[in-house]
Amino acid sequence: MEIKVDKNVPLPEPYSRCGRQGKYPWQQMSVGDSFAIRYVDKTTRDRFASAASYYAKRHGRKHTIRDIPSENGVRVLRVWRVA
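Remember, predicted model here, so these are calculated numbers, not experimental data.

K.L.:
I keep staring at the pattern of salt bridges and nothing clicks. Help me out?
P.N.:
Opposite charge on two side chains allows them to pair when their charged atoms are near. What the rule picks out here adds up to three salt bridges. Asp-6 is the partner of Lys-4 in a salt bridge, and the nearest nitrogen-oxygen pair spans 3.9 Å. The same class applies to Lys-4 as to Asp-6, namely exposed. For Arg-45, the salt bridge identified is with Asp-67, shortest N-O distance 3.3 Å. Taken as a pair, Arg-45 in helix 1 (residues 42–59) and Asp-67 in strand 2 (residues 63–68) lie far apart in primary sequence, 22 residues in all. Take Arg-45: its relative accessible area is 23%, and that puts it in the partly exposed class.

K.L.:
Even after reading the chapter, I still don't get the pairing of strand 3 (residues 75–81), so can you show me in this structure?
P.N.:
On a regular strand, each side chain points to the face opposite its neighbour's, so the side chains alternate between the two faces of the sheet. Where strand 1 (residues 34–39) meets strand 3, six bridges bridge the pair, whose relative direction is antiparallel. Pairing of Tyr-39 across the sheet is with Arg-75, part of strand 3. Of the strand pairs in this sheet, strand 2 and strand 3 are connected by six bridges, and their pairing is antiparallel. Each bridged residue has a counterpart across the sheet, and for Asp-67 the counterpart in strand 3 is Leu-77. Count of turn residues in the strand 2/strand 3 antiparallel hairpin: six residues, of which Asn-72 carries a positive phi of about 65°.

K.L.:
Help me understand the nonpolar core in this model?
P.N.:
Across soluble globular proteins, nonpolar side chains show a tendency to be buried alongside one another. Counting residues in hydrophobic clusters, the biggest one holds twelve residues: Tyr-24, Trp-26, Met-29, Phe-35, Ile-37, Tyr-39, Phe-48, Ala-52, Tyr-55, Ile-65, Leu-77 and Val-79. Broken down by secondary-structure element, the contributors of at least two residues to this core are strand 1, helix 1 and strand 3. If sequence neighbours within four positions are ignored, Tyr-39 has contacts with Thr-44, Arg-45, Asp-67, Arg-75, Val-76 and Leu-77.

Thresholds applied
Residues numbered from 1 in each chain as written. Predicted model: local features only at pLDDT ≥ 70, side-chain atom pairs only at ≥ 80, totals over all residues. Heavy atoms only, no water. Salt bridge = Lys/Arg side-chain N within 4 Å of Asp/Glu carboxyl O. Buried < 20%, exposed > 50% of the residue type's maximum accessible area, 1.4 Å probe, protein only. Helix = DSSP H or I, 4+ residues; strand = E, 2+ residues; numbered from the N terminus. Pairing = 2+ DSSP bridges. Core = buried A, V, L, I, M, F, W, Y, C linked by side-chain atoms within 4.5 Å. Contact = heavy atoms within 4.5 Å.

Printed below as a string of structure tokens:
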């Protein structure tokens, strides 16, 4: 049996890790873009901040996170891509 060599076959895009979509829209963000999430406790806030830091370091980006005052006592975090 002879194996045929194919030429000019484009390389497909790599799959995301574990074949799943990320929880946050880091990839779609340009400098100046932001999004907000609601959170209940400090643990959730810290996990979100950790996720932002991890993604930024792996992809050469910078983000900043701020607590945003809101009505109804709901805690809101907003993250901006700054670089």
